[in-house]
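Residue strings, one per chain:
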Amino acid sequence: MFALISVSIAPAFALLSFFYLKDEYELEPLYAIFRTFIYGALLVFPIMFIQYAFQEEGIAQTPFLQSYFIYGLFEEFFKWFIFIFTTYKYSKFNTVYDGIVYGVSISLGFATVENILYLFAHGIEFAFSRAIFPVSSHALFGVIMGYYLGRAKFSTNNGVLSLLVALLLPTFLHGTYDFILEVIENQWIYGLIPFMVILWLLSLRKVKVANEISHQQV
């Protein structure tokens, strides 16, 4: 059991450390990172309950609706909501890049609990593929959400558009990830690898731009 829990949480901490240390201005306090991580972890259970209810009622069970609505929208909306409700006004959130750090933390809290539950149900042999694909994708959705929430917070004009993009773009990307799995099935890896490459490139670009903006803020 210790080995299974260890391999379940290791990818999240590695990814969180990577994006945390990419901050070129001022590292966020660890207690704040841990707190947002726990918020994300606690989201798993109400979301799973809602998804289970939709499945049992046979509502929105086509591949498109399941991918973009049941998984993409539900999961990203709750992460977006908890970010705004708990972190958006936080005094230590004082640069655009900080949005990325907190977005990744919330997303990886969610992904870690989801990963633990999956590996307990299906076995430790899936640990590597889970780290490369679903855990990493959640981190990258968090990068993009956090970037746009950072832009919204420090916008010199109306930040409503950035707030909406912070929800809608991760939702679209998350839905596309799941849609590839649903539609391609046995050949999913041929669709998912290029998707993940594009997602990494997009996210690293947001990291670079956020750091540039953060330098201008101080």
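Above this note sits the structure.
The following paragraphs examine the structure supplied in this document. Keep in mind it's a predicted model, so treat the numbers as computed, not measured.

Looking now at the layout of surface pockets. Quantified by volume, the largest pocket comes out at close to 1,000 Å³. Grouping the constituent residues of the lining of the largest pocket by class yields 17 nonpolar, nine polar and six charged. As a volume, the second largest pocket reaches approximately 190 Å³. In terms of lining residues, the second largest pocket is bounded by 12 residues, among which Arg 151, Phe 154, Ser 155, Thr 156 and Asn 157 are the most central. When contributions to the lining of the second largest pocket are tallied by element, the ones reaching two or more residues are helix H5 (127–153) and helix H7 (188–217). Sorting elements by how many residues they give to the lining of the second largest pocket places H5 first, with four residues. Residues belonging to the lining of the second largest pocket are distributed by class as follows: five nonpolar, six polar and one charged.

Turning to the packing of helix H1 (residues 2–21) against helix H2 (residues 30–57), a few remarks are in order. The geometry of H1 relative to H2 is characterised by a closest axis approach of 13 Å and an angle of 135° between their N-to-C directions. Taken as axis vectors, H1 and H2 run oblique relative to one another. For the pair H1 and H2, the sense of crossing is right-handed. Here Ala 12, Phe 13, Leu 16 and Tyr 20 of H1 come into contact with H2, specifically with Leu 30, Ile 33 and Phe 37. The class makeup of the residues in the contact of H1 with H2 is seven nonpolar, no polar and no charged.

Where H1 meets helix H4 (residues 96–122), the axes come as close as 9 Å, and the angle between the chain directions of the two elements is 170°. With respect to each other, H1 and H4 are oriented roughly antiparallel. Contacts between H1 and H4 pair Leu 4, Ile 5, Val 7, Ser 8, Ile 9, Ala 12, Leu 15, Leu 16, Phe 19 and Tyr 20 from the former with Tyr 97, Val 101, Val 104, Ser 105, Leu 108, Thr 112, Asn 115, Ile 116, Leu 119 and Phe 120 from the latter. Classifying every residue of the contact of H1 with H4 gives 16 nonpolar, four polar and no charged.

About the thresholds
Residues numbered from 1 in each chain as written. Predicted model: local features only at pLDDT ≥ 70, side-chain atom pairs only at ≥ 80, totals over all residues. Heavy atoms only, no water. 1 Å grid on protein atoms, 1.4 Å probe; cavity = no way out; pocket = protein on both sides within 12 Å on 5 of 7 lines; lining within 4 Å. Points joined across faces, edges and corners; volume = space filled by probe spheres on them. Nonpolar A, V, L, I, M, F, W, Y, C, P; charged D, E, K, R; others polar. Helix = DSSP H or I, 4+ residues; strand = E, 2+ residues; numbered from the N terminus. Axes fitted to C-alpha atoms, helices over the stretch in contact; angles between N-to-C directions. Parallel < 35°, antiparallel > 145°, perpendicular 65-115°, else oblique. Left-handed = near helix turned anticlockwise from the far one by under 90°. Contact = heavy atoms within 4.5 Å.

In short, shape yes, function no, at least from these values alone.
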